[in-house]
Amino acid sequence: MTPPDVIVVGGGIGGLGAAYSLTRKGLAVRLLESAPAFGEVGAGIQLAPNCTRILDDYGLLDEAKSLGVVPDAMVMRDAVDGDELTRLDLRDLERRYGYPYLVIHRSDLHGLLLRACERAGVELINKAQVTSYENTYENTEGGARVTLADGGTHEAALVIAADGLHSAARRQFIDDEPVSSAYVAYRGTVPAEQPRVRSVDLGEVVVHIGPGCHFVHYGLRGGELLNQVAVFESPKALAGAEDWGTPDELDAAFADTCEFVRDGLPFMWRDKWWRMFDRDPVMNWVHGRIALLGDSAHPPLQYIAQGAIMAIEDGWVLGEHVGRHRAGDGTVDWTAALTAYEAVRPEHCRRVLTTSRKWGELWHLDGADRERRNVLLRARDTYDYSFTDWLYGPTALTPDEEPEMFTPIPLASADAQEGRCVA
C-alpha cells in the first residue's frame, strides 16, 4: 500500500471527524479500526452550537438535523419533587450563537461521519488493532509508525491516536490511569407509541437532578424514540467492590425520586451499564509526529455533554492548522501545525474536564446544600448565558490569529468561570 500522509487510529466519532477534516485539506488519510466493522454503541448524544457550527462547515448539518431533533428548550428539574429549577431557551440560544442545539442518536452521528469519510476517499481498514507507536527518523522529513497486534506496521508523516479512554498511545507516552467517578449510567430508548413517550414534550431536553443521581430524557429520530439516561453513585464502587453498578443499585438510587423518574426505570437496558471514568487533564498531547485526539487526550465526565464535541473540535482545529501550514506543492510544516494545535486545544479541554467534574458535584448535592443550589437555580434568568458563552461561543483557533468566521467573545478568567458552576 502507498504510504498515506496521515494515519488515524480509532474509528469512533473523533477518529472519523479527524480523518474527514484532514482529507478535506487535500491529505491522504488511512484510518485503522480494531473492530471487524464500524459502529457505535450507546443511544442519544447532544450537539451544542460549538459542534453544529463545525458540521455546517463540513456540509453535514442538514443531514444531521434530518436524523435528529432540534429541541426548543433545555429544562433542569429537581429529581425529588419534580419542580422546574431553570431552563435554556434553545431557539434563542441558536440566535445568539448562530447554530442550533441538536440531539441525535450516537449511531446516526457516527454513520453520518463514516459516509462522509467514504465519499472523501479516506482509506478505511478494519481488524487493525494498534499496540504501539513510535517516531521514525529514516529520512530528513521524519514521521511515525504504528505496530499492529498481528505484527504488521503502518507509517505516515503524522499519526493521530484517537483510540479512546484506554488509549495505547496515552499509556505509552503519559502512563496515567483513568479516574473512576464511582458513578454508573444506564441507557434506554422508548418507542413513540408507548404511553411513556406521549406523556412528555419531545421538544425539551430535560434533566432531573437529585441526591447522588440524575435522570435525562429527550427525543430522538424526529420524535420516533424517547432517549433516557439514568446515572447514580454506586455504593459498591465506593466500598471498593468489583461488581458495581448493578440493577439493584439502580433501583435503590432512585427510590426517593419523583414518580415520573421512577416510572422511567423499567425502560432502561438493565443488562448493560456504563461506568463513568475520566482522566486528569494533561497539556502535552503531541509527541514528535504522534498526536493525541479525543478521549485519548481528554475523556470527560458527561455533565456538560462535551465529550464527542471536543473530539470533533480537535479534528477541525487540527485540519485548519494543517491547511494554514500546507505549501502550494502539498508539503506540510508539521512542526508548525502540531505546535499550533497543542497551543490551542489542551487548555480549553482542561476547562471542560474540570468544569464537568464540578457540574457533577452541583447536580448531586443533598440536604441543605441541595436546597441552596435550588434557590440559586430558580433565581437564574432564562436568558443568562454567562455559563455558556465560553463553551458555545466562537473560539479562537490560535492565541493571536483567527479567521473571520471566528470572533472570540471576551470572557472572565478561566478560574472565575469554573468557580461560578458551583457558586
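Residues numbered from 1 in each chain as written. Predicted model: local features only at pLDDT ≥ 70, side-chain atom pairs only at ≥ 80, totals over all residues. Heavy atoms only, no water.

## Some thoughts on the sheet that holds strand β10 (residues 153–156)
Here three strands make up an open sheet; going across it, the order is β8-β9-β10 and the pairing antiparallel. Lying at the two open borders of the sheet, with one neighbouring strand each, are β8 (130–136) and β10. For this sheet, the mean angle separating the axes of adjacent strands, direction not counted, is 20°. (Pairing = 2+ DSSP bridges. Helix = DSSP H or I, 4+ residues; strand = E, 2+ residues; numbered from the N terminus. Axes fitted to C-alpha atoms, helices over the stretch in contact; angles between N-to-C directions.)

## A closer look at the sheet that holds strand β5 (residues 84–89)
The seven strands are arranged β5-β4-β13-β14-β15-β12-β16 in an open sheet whose pairing can be described as mixed. Of all strands in the sheet, those with a lone pairing partner are β5 and β16 (274–278), marking the two edges. Strand-to-strand twist in this sheet, taken as the mean axis angle between neighbours without regard to direction, amounts to 20°. Sheet topology note: the strand β4 (residues 73–78)/β5 ladder contains five bridges and is antiparallel. Along β5, the bridge assignment pairs M76 with T86. In the packing of helix α12 (residues 334–363) onto the sheet, contacts are made with β4, β12 (179–191), β13 (204–210), β14 (213–220) and β16, and the angle to β13 comes to roughly 70°. The strands touched by helix α13 (residues 367–379) within the sheet are β4, β5 and β13, with β5 carrying the most contacts at an inclination of about 40°. (Contact = heavy atoms within 4.5 Å.)

## Comments concerning the pattern of salt bridges
This structure, assessed with the given rule, holds 26 salt bridges. In this structure, R24 engages D57 in a salt bridge whose closest nitrogen and oxygen atoms are separated by 3.7 Å. A residue pair is termed long-range when its members are at least 10 positions apart, and R24 in helix α1 (residues 13–24) and D57 in helix α2 (residues 49–57) qualify at 33 residues. Among the salt bridges present, the one from R96 reaches D389, with a minimum N-O distance of 2.7 Å. (Salt bridge = Lys/Arg side-chain N within 4 Å of Asp/Glu carboxyl O.)

## Observations concerning the environment of G319
Examined against the element boundaries, G319 turns out to sit in helix α11 (residues 307–324). The contacts of G319, once residues within four sequence positions are left out, are S21, L22 and K25.

## Comments concerning unusual backbone geometry
Positive phi, close to 60°, is recorded for D175, a residue that is not glycine. Positionally, D175 belongs in the loop between α6 (168–173) and β12. Phi at A305 is positive, roughly 55°, even though this residue is not glycine. Summarising the element assignment, A305 is placed in the loop between β18 (290–292) and α11. According to the relative accessible area criterion, A305 is partly exposed, its value standing at 22%. (Buried < 20%, exposed > 50% of the residue type's maximum accessible area, 1.4 Å probe, protein only.)

## Observations regarding the packing of aromatic side chains
Applying the stated rule across the entire model yields twelve aromatic pairs. Measuring from ring centre to ring centre gives 5.2 Å for Y20 and Y58, while their planes differ by 85°; the resulting arrangement is edge-to-face. Here the residue Y20 occupies a position in helix α1, and Y58 occupies one in the loop between α2 and α3 (61–67), the gap between them amounting to 38 residues. The two residues Y20 and Y58 agree in class, both being buried. Aromatic pair Y97 and Y385: ring centres 6.2 Å apart, planes at 80°, arrangement edge-to-face. Of this pair, Y97 sits in helix α4 (residues 90–97) while Y385 sits in the loop between α13 and α14 (389–392), placing them 288 residues apart in sequence. Site record: aromatic cluster; members linked through ring pairs are Y186, F215, F232, F254 and W273. (Phe/Tyr/Trp six-rings, centres within 6.5 Å; stacked < 30°, edge-to-face > 60°.)

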